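Descriptive analysis of the structure
Listed here are the chains, written in short residue letters.
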Amino acid sequence: MQRRVGLWISSLLIFASPAFAKDYIVKYKNGGGEKSVRSAYRVLDTHDKARLLKISINEKSKEAEAARMARLMRDPNVEYVVENFRLHRFEAPASAEALREQWALAKVNAERAWQLTGNKGSRNIKVAVIDTGIDYNHESLKANMIKGYNFRDNNDDPMDKTSDKNPGHGTHCAGIIGATGKVDNGTSGMAQDVSLMPVRFLGEDGSGDLMGGIKSIDYAIEQGAQVISASWGATVPRSQATPLIEAVERADKAGVIFVAAAANDGRNNDQTDVFPANAGFPNTITVAASGPQDEKPQWSNFGAKSVHLASPGLKIMSTLPQKKYGELSGTSMATPLVSGLVAFLKAQDATLTGAEVRALLQSTGAKVSIETACNCRIDAGAATEALLNKAAFLVPAAATIAPGESFVMKMKNAEGAVKFTSSNTGVATVDAGGAVTAVATGDTTISATDAKGQNANSLTISVKESNGGGGGGGGGECPLPDPQLCEMMCLFDPTLPWCH
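Everything in this summary refers to the structure shown in the same document. Sequence order sets the numbering: in each chain, residues are counted from 1 along the sequence as written. Selection of residues for local features in this predicted model requires a pLDDT of at least 70, selection of side-chain atom pairs for listing and counting requires 80 or more, and totals for whole chains, interfaces and linings are taken over all residues. Excluded from the side-chain calculation are hydrogens and water; included are all heavy atoms of the structure.

1. Here's the deal with the overall build of the protein
Put simply, the test is: The helix and strand labels rest on DSSP assignments: H or I over at least four residues marks a helix, E over at least two residues marks a strand, and numbering proceeds from the N terminus. Between the two quantities, the radius of gyration covers C-alpha atoms and the globule rule is 2.2 Å times the number of residues to the power 0.38. Here the term buried applies to any residue with accessible area under 20% of the maximum for its type, exposed to any over 50%, and partly exposed to those in between, with areas from a 1.4 Å probe on protein chains only. In this analysis, two residues are considered to be in contact whenever any of their non-hydrogen atoms come within 4.5 Å of each other. Working definition of accessibility: Shrake-Rupley area with a 1.4 Å probe, residue cover restricted to the visible protein chains. Two residue types count as positive, namely Lys and Arg, and two as negative, namely Asp and Glu; His and chain ends fall outside the count. Positions of charges follow a simple convention, taking NZ of Lys, CZ of Arg, CG of Asp or CD of Glu.
Secondary structure summary: the protein contains eleven helices and 31 strands in total. In terms of C-alpha radius of gyration, the protein reaches 23 Å, essentially the compact-globule figure of 23 Å for 500 residues. C-alpha extents for the protein along the principal axes are approximately 65 × 60 × 40 Å. The buried share of the protein, taken over its 500 residues, is 60%. Considering only contacts in the protein between residues 6 or more positions apart, those separated by 24 or more positions represent 73%. Carbon and sulfur atoms make up 48% of the accessible area of the protein, which amounts to about 18,900 Å² in all. Distance from the positive charge centre (51 side chains) to the negative charge centre (53 side chains) of the protein: 2 Å.

Structure below.
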């Protein structure tokens, strides 16, 4: 059991506040489950779509709290219970420099991508920026803004409100995605033509909770966003992140591409659970940060299994509230650049799925010494050229699996029957249908040839023994960060799954 719950938002590490120690998220079952919970507990918030209630348990002792929690968890009307999160951010002040140099766009060859297509995106593509809101009156953003919502205050005004704890994080992310590039001395996003949907659940004080994040994801899905940009998350066990993971899964099932920041505490996500980054669905793209020399900033998280690619995230110039501009750093800044590129590529081919666009970005990325699934940094020019030329590539392009596990690989843009081969059948085999099965630890690559003779090669397919990290767990572990409370609950109900 994990003794400290590390939470991160934007570009610095934060920690759980004890203020929410007795607030819990309950998922109830259909057929009277909600009524059962409501009758016994004080309900603070509801989210009917996900069958979630936020409740408060106020007891005078930990023993009494444990007894009540044990009763709640064995209620046949309850699917699961997790402790709610209160998120709080500490942000370095934005740069006051007036220079609008944008090294990141040049680094990823954005200009070449625009030249190849003759456009800079499309307003038909909606990107939900789930964050602190957006200054929708900003001169470089106003033309691309669409209706959003404020789940922090439960109203329809998602304005980004600044403070000493928030220089305008959401506005900065929005500019990286879709600043128009049409304002003198302004900035440009990767997709100058795009529809930006502001969804606010983090306040000007840098705080927001789990329920607000979940509601924000579901709102973006319901409002028709094709892409969600999420520069926030939590370092918690999978069991505790279950309602958040389920929200990402709903996005996956709806065909919404979910781009998430890997986090900023310099750790390996393959060994440390981070959510939503480690949700692990086909629609997710998890992003590490890179610097001007394609170096990994010390603070950026990484991981060959759980982090898919890198993107510029160091000293990124973008929009800030009240017609300002400035530099911020973090995987929070790397993420919206990928979101903007995904939106730009979707504008060229609306049929692209999350799995396909992830594989496209990985197979065309520039090789760098940053540990991700592709060891690569996005290259907008190369990705656009491959897309327009209908180049063949494999989906997924890279993977890390454990011995005995398998997945199905497909050849995008193939014609006729496809023949697959593995470079090392002692590590993994592949059958005629593209099913890759891990045999023993090691590395291999998969090659494919279609009926026309087109060839495509995967990146590294690694077979490693599972270490339980990178989003592992969830079976038999307590969903609460307080090990003492979990142990006390076992005294009241030894049948709880984590009790031994």
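Continuing now.
2. Points about helix H9 (residues 354–364)
Extensive coverage of H9 is indicated by the burial of nine of its eleven residues. Along H9, the residues classified as buried are Gly-354, Glu-356, Val-357, Arg-358, Ala-359, Leu-360, Leu-361, Gln-362 and Thr-364.

3. Concerning the sheet that holds strand S25 (residues 419–422)
For clarity, the threshold we go by: If DSSP finds at least two bridges between two strands, the strands pair. A fitted line through C-alpha atoms represents every axis, and for helices the fit uses only the stretch in contact; the resulting angles, taken between N-to-C directions, go from 0 to 180 degrees.
Judged by pairing direction, the sheet is antiparallel, and its three strands sit side by side in the order S25-S29-S30 without closing on themselves. A strand with exactly one partner marks an edge of an open sheet, and here the two such strands are S25 and strand S30 (455–457). Sheet twist, expressed as the average angle between the axes of neighbouring strands with direction ignored, equals 20 degrees. Pairing of strand S29 (residues 446–449) with S30, which is carried by three bridges, proceeds in the antiparallel orientation. Bridging from a neighbouring strand, Thr-449 pairs with Asn-455 of S30.

4. With respect to the packing of aromatic side chains
Cut-off, in case you're wondering: What counts as a ring pair is set by centres within 6.5 Å for rings of Phe, Tyr and Trp (its six-membered ring), and what kind of pair is set by the plane angle: stacked under 30 degrees, edge-to-face over 60, tilted for all other angles.
Throughout the structure, instances matching the rule amount to four aromatic pairs. On the numbers, 5.9 Å between centres and 35 degrees between planes, the contact of Tyr-149 with Tyr-219 is tilted. Taken as a pair, Tyr-149 in strand S9 (residues 149–150) and Tyr-219 in helix H6 (residues 210–222) lie far apart in primary sequence, 70 residues in all. Taking relative accessible area as the criterion, Tyr-219 reaches 7% and is therefore assigned buried. With a centroid separation of 5.7 Å and an interplanar angle of 75 degrees, the aromatic rings of Phe-151 and Tyr-219 are classed as edge-to-face. Here the residue Phe-151 occupies a position in the loop between S9 and helix H5 (169–178), and Tyr-219 occupies one in helix H6, the gap between them amounting to 68 residues. The same class applies to Phe-151 as to Tyr-219, namely buried. Through a chain of ring-to-ring contacts, three or more aromatic side chains come together here, namely Tyr-149, Phe-151 and Tyr-219.

5. Considering the environment of Glu-405
Note the cut-off: Identification of polar contacts relies on pairs of N or O atoms within 3.5 Å, with a donor-acceptor requirement for protein atoms, meaning one able to donate a hydrogen and the other able to accept it, and with residues adjacent in sequence counted only if both atoms are side-chain atoms.
For Glu-405, the position within the fold is in the loop between strand S22 (399–401) and strand S23 (406–408). For the pair Glu-405 and Thr-437, spaced 32 residues apart in sequence, the C-alpha separation works out to 5.9 Å. Discounting residues that sit within four places of it in the chain, Glu-405 has contacts with Val-436, Thr-437 and Ala-438. Here Ala-402 takes part through its backbone nitrogen, which lies 2.9 Å from a polar atom of the side chain of Glu-405.

6. Brief notes about the nonpolar core
Which entries qualify depends on this criterion: For our purposes a nonpolar core is just a set of buried Ala, Val, Leu, Ile, Met, Phe, Trp, Tyr and Cys residues, chained together by side-chain atoms within 4.5 Å.
Of all hydrophobic cores here, the largest spans 58 residues; its most connected members are Met-190, Leu-309, Val-338, Leu-345 and Leu-361. The element best represented in this core is helix H8 (residues 331–348), accounting for nine residues. Counting 41 residues, the second largest nonpolar core, distinct from the first, contains Ile-214, Ala-225, Trp-232 and Ala-234.

7. Some details on the environment of Phe-85
Secondary-structure assignment places Phe-85 in the loop between strand S6 (78–83) and strand S7 (86–87). Sequence spacing of Phe-85 and Tyr-24 is 61 residues, and the spatial spacing of their C-alpha atoms is 8.6 Å.

8. Topic: the side chain of Lys-346
Rules: A pair is scored as a salt bridge if a Lys or Arg side-chain nitrogen falls within 4 Å of a carboxyl oxygen belonging to Asp or Glu.
Within the fold, Lys-346 resides in helix H8. No salt bridge is formed by the buried Lys-346, whose closest oppositely charged neighbour, Asp-349, lies at an N-O distance of 7.3 Å. Apart from residues no more than four positions distant in its own chain, Lys-346 is found in contact with Ile-125, Gln-226, Ile-257 and Leu-352.

9. Some points on the state of the cysteines
Applicable threshold: Any two cysteine sulfur atoms within 2.5 Å of one another count as a disulfide.
Tallied over the entire structure, the rule returns two disulfides. Here Cys-374 engages in a disulfide with Cys-376; their sulfurs sit 2.0 Å apart. On the sign convention where negative is left-handed, the bridge of Cys-374 and Cys-376, at about -75 degrees about the S-S bond, is left-handed. When its relative accessible area of 2% is taken as the criterion, Cys-374 is described as buried. A relative accessible area of 0% means that Cys-376 is categorised as buried. Between the sulfur atoms of Cys-490 and its disulfide mate Cys-499 the distance is 2.0 Å. A torsion of -90 degrees about the S-S bond marks the disulfide between Cys-490 and Cys-499 as left-handed.

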